[in-house]
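Here is what each chain is made of, one letter per residue.
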Amino acid sequence: MPRFALLLVMSGLLAILLTLLLVMGDATLPGRVPPFAAALLAGLGGVLLVGGLFLIEPGRGGPDPAAKA
């Protein structure tokens, strides 16, 4: 099982959940957390999530070289 890919997916989901908690709570009020930090956290979560899913998804380019062996 690809543990690193699943770790990336879980980290991405956690970052997006933390962003949701920041936005839904009062953490983005003036003087607390800048909106840029919340946007950066959401972007990081998205990149981690897509990167992990990309590693889990099997390749679609041509025949599998391992199948020939």
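Because the structure is a prediction, the values reported are computed rather than measured.

A.B. asks: Would you mind showing me how to read the overall build of the chain here?
C.D. replies: Assigned secondary structure in the chain consists of three helices and zero strands. The order of α-helices and β-strands along the chain, N terminus first, is α-α-α. Every one of the 69 residues in the chain was classed for burial, and the buried ones make up 16%. Taking as baseline every contact in the chain between residues at least 6 positions apart, the subset at least 24 positions apart corresponds to 73%. If you sum the accessible surface of the chain, you get close to 5500 Å²; carbon and sulfur atoms cover 75% of it.

A.B. asks: Even after reading the chapter, I still don't get the packing of helix 1 (residues 3-24) against helix 2 (residues 35-56), so can you show me in this structure?
C.D. replies: Any two packed helices are characterised by the angle at which their axes cross and by the distance between the axes. Contact geometry for helix 1 and helix 2: axes closest at 7 Å, N-to-C directions at 155°. Overall, the two elements helix 1 and helix 2 adopt an arrangement that is roughly antiparallel. Handedness of the helix 1/helix 2 crossing: left-handed.

A.B. asks: Got a minute to help me understand a nonpolar patch on the surface in this structure?
C.D. replies: Together, Leu14, Leu17, Leu18, Leu20, Leu21 and Met24 make up an exposed nonpolar region whose accessible area comes to about 620 Å². Tracing the chain through its elements places Leu20 in helix 1.

A.B. asks: Explain the environment of Leu21 here, please?
C.D. replies: Within the secondary structure, Leu21 is located in helix 1. Residues Leu21 and Ala38 lie 17 residues apart in sequence; the distance between their C-alpha atoms is 9.9 Å.

A.B. asks: I tried to follow the environment of Glu57 on my own but got confused; where do I start?
C.D. replies: The topology assignment puts Glu57 in the loop between helix 2 and helix 3 (65-68). Between the alpha carbons of Glu57 and Ala5 there is a distance of 9.8 Å; along the sequence they are 52 residues apart.

A.B. asks: Please explain helix 2 as it appears in this structure.
C.D. replies: For an α-helix the count is 3.6 residues per turn, leaving residues at separations of three or four pointing the same way. Its 22 residues place the ends of helix 2 32 Å apart at the C-alpha level, agreeing with the 32 Å of an ideal helix rising 1.5 Å per residue. Here helix 2 has its buried residues at Ala38, Gly45, Leu49 and Gly52. Projected down its long axis, helix 2 shows its buried positions confined to an angular sector of 70°, all on one face. More than 90 degrees from the buried face of helix 2, the exposed residues found are Phe36, Leu40, Val47, Val50 and Phe54. Contacts from the buried residues of helix 2 go to helix 1.

Conventions adopted
- Residues numbered from 1 in each chain as written.
- Predicted model: local features only at pLDDT ≥ 70, side-chain atom pairs only at ≥ 80, totals over all residues.
- Heavy atoms only, no water.
- Helix = DSSP H or I, 4+ residues; strand = E, 2+ residues; numbered from the N terminus.
- Buried < 20%, exposed > 50% of the residue type's maximum accessible area, 1.4 Å probe, protein only.
- Contact = heavy atoms within 4.5 Å.
- Areas by Shrake-Rupley, 256 points an atom, 1.4 Å probe, with all protein chains shown as cover.
- Axes fitted to C-alpha atoms, helices over the stretch in contact; angles between N-to-C directions.
- Parallel < 35°, antiparallel > 145°, perpendicular 65-115°, else oblique.
- Left-handed = near helix turned anticlockwise from the far one by under 90°.
- Patch = residues over 30% accessible without salt bridge, like charges linked within 9 Å, V, L, I, M, F, W, Y side chains within 5 Å.
- Salt bridge = Lys/Arg side-chain N within 4 Å of Asp/Glu carboxyl O.
- Expected span 1.5 Å × (residues − 1).
- Arc of directions from axis to C-beta.

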